[in-house]
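What the coordinates show
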Amino acid sequence: MRHLLSIDDLDRTGLEQLLDLSERFIEVTHRDIPKVPALRGKTVVSLFYEDSTRTRLSFETAAKRLSADTMTFTVGSSSVKKGESLRDTVQTIEAMGIDAVVVRHGSAGAPKRISEWIDAAIVNAGDGCHEHPTQALLDVLTLRRRRPSGLDGCRIAIVGDVRHSRVARSDVLAFSALGAEVTLVAPPTLLPESLEGWPVSVCYDLDEVLPNIDVLYLLRIQLERQHEALFPSLREYTSRYGLTAARAARLPADALVMHPGPMNRGVEISAEVADGPVSLIAEQVANGVAVRMAVLYTLLGSGGPVA
Ligand code: NCD
């Protein structure tokens, strides 16, 4: 693997190998000194053209725990403000001598373009409404840790703003590659115009699916990407698709709830459910660091032992 641009870059075996490697890095992150020398001398740049809290900090923590040097590029204080193009920006950064670039960009396909312009390994940290592969990897890792029998036959409902969600696109690919049965649940206006080729079924009624699922994966309503009114009001959305405490009570006893964050508390998920015992949200964030260590190690490591 030279780059990680899409979950499609990995087959089931590749996914499972990355998850197994992530488990070894979870062990590292639990040590008194959670750091290994694996990427000493390598430089990892985070190039974020869109806002981010957890993804950027998680990648930077992962790089540091592998002893790589890190550089952070923030659009707001860069020459992008003077009109510098994406191509010139990445070629300038590459001239400093770097090994990997972690890219978040508002345009689908930007990480792939960058991979054609420079030699460094490129990791897609979210491109427009296209993909967010490391989010999907941390999601399957989190689920696999809770289900020792694996994801085969696991019934997962992905609920909400699928149309604008790069997380949903990557998750559908990863969940189904590992054998899960995925149902998309949303009003028709929040689904992509075509679902051709998506290995999913669709339901417009959350209350109908609630009693028959193992995992409810909620998506953020992405108001910043919606350029027209796609539902009457947030209150109306919550009344039909929000995971309230009353709806959570109708889930099977051992069902689990996930969300990639950031959450709109009180819209797609109530605070009570988000902070309650069925929620894996904090585990997802914690596992994100180990998954990103595994990705950077696979792309840049010598192939030797983890530590
Ligand atoms: C997601 C993203 O930016 O795509 N957040 C994340 O990386 N955890 C989801 C979102 O913004 O809703």
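Residues numbered from 1 in each chain as written. Predicted model: local features only at pLDDT ≥ 70, side-chain atom pairs only at ≥ 80, totals over all residues. Heavy atoms only, no water.

Here R147 shows up in the loop between α5 (133-146) and β5 (155-159). Buried charge R147 goes without a salt bridge, the closest partner of opposite sign being D214 at 4.2 Å. Once residues lying within four places of it in the same chain are set aside, the contact partners of R147 are D152, C154 and D214. (Helix = DSSP H or I, 4+ residues; strand = E, 2+ residues; numbered from the N terminus. Buried < 20%, exposed > 50% of the residue type's maximum accessible area, 1.4 Å probe, protein only. Lys, Arg positive; Asp, Glu negative; His and termini not counted. Salt bridge = Lys/Arg side-chain N within 4 Å of Asp/Glu carboxyl O. Contact = heavy atoms within 4.5 Å.)

Another aspect to go through is the site of the ligand. In the vicinity of the ligand, the contacting residues are R54, T55, R104, H132, Q135, R166, V167, R220, Q222, P260, G261 and P262. At 2.9 Å, a backbone N or O of P260 approaches a nitrogen atom of the ligand. Contact with the protein chains removes 94% of the 320 Å² of surface that the ligand exposes when unbound. Sorting the residues of the shell around the ligand by element identifies α2 (54-65) and α6 (166-177) as the ones contributing at least two each. Grouping the constituent residues of the shell around the ligand by class yields three nonpolar, five polar and four charged. Looking at which domains feed residues into the shell around the ligand, each of domain 1 (7-131 + 285-300) and domain 2 (133-282) supplies at least three. (Near = heavy atom within 4 Å. Polar contact = N/O pair within 3.5 Å; in protein donor to acceptor, adjacent residues only side chain to side chain. Areas by Shrake-Rupley, 256 points an atom, 1.4 Å probe, with all protein chains shown as cover. Nonpolar A, V, L, I, M, F, W, Y, C, P; charged D, E, K, R; others polar. Domains from an automatic or database assignment.)

When strand β1 (residues 43-48) meets strand β2 (residues 69-74), the two strands line up parallel, connected through six bridges. Opposite L47, over in β2, you have F73 as the bridge partner. Once you follow β1 into α2 and on to β2, the crossover reads as right-handed. (Pairing = 2+ DSSP bridges. Right-handed = clockwise from strand over helix to strand, strands pointing away.)

This next bit is on the environment of L86. Residue position: L86 is located in helix α3 (residues 86-95). Separated by 58 residues in the primary sequence, L86 and R144 have C-alpha atoms spaced 38 Å apart. The residues contacting L86, other than those within four sequence positions of it, are Y49, H105, A110, I114 and W117.

For interface size, the figure often reported is the accessible area lost on association. Taken domain by domain, the protein chain consists of domain 1 (7-131 + 285-300) and domain 2 (133-282). Here domain 1 and domain 2 have C-alpha centroids that lie 25 Å from each other. In this complex, domain 1 contributes 32 residues to the contact, which on the side of domain 2 involves 29 residues. When the buried surface of domain 1 facing domain 2 is broken down by residue, I7, L19 and C129 rank first, second and third, together holding 24% of it. Here domain 1 is connected to domain 2 by five salt bridges. Between R144 and D20 there is a salt bridge, with the nearest N and O atoms lying 3.0 Å from each other. Put simply, domain 1 and domain 2 have 13 residue pairs in polar contact (both at pLDDT 80 or more) between them. (Buried area = accessible area lost by both parts, 1.4 Å probe.)

What follows covers the sheet that holds strand β6 (residues 181-185). On the basis of which strands lie adjacent, the open sheet formed by five strands has the order β7-β6-β5-β8-β9 and parallel pairing. Only two strands of the sheet have a single partner each, and these edge strands are β7 (200-203) and β9 (256-258). Each strand axis lies, on average, 25° off the axis of its neighbour in the sheet, ignoring direction. (Axes fitted to C-alpha atoms, helices over the stretch in contact; angles between N-to-C directions.)

Attention now moves to the nonpolar core. Core analysis: the largest hydrophobic core is formed by 90 residues, its most contacted members being F25, L137, L143, I156, I158, F175 and L216. Of the residues forming this core, the biggest block, eleven residues, is contributed by helix α11 (residues 281-300). Both of domain 1 (7-131 + 285-300) and domain 2 (133-282) provide at least three residues apiece to this core. The residues contacting F175, other than those within four sequence positions of it, are D139, V140, L143, L151, I156, I158, A180, V182 and Y217. If you look at the next biggest cluster of nonpolar residues, it comprises 17 residues, including L5, V90, I98 and A110. (Core = buried A, V, L, I, M, F, W, Y, C linked by side-chain atoms within 4.5 Å.)

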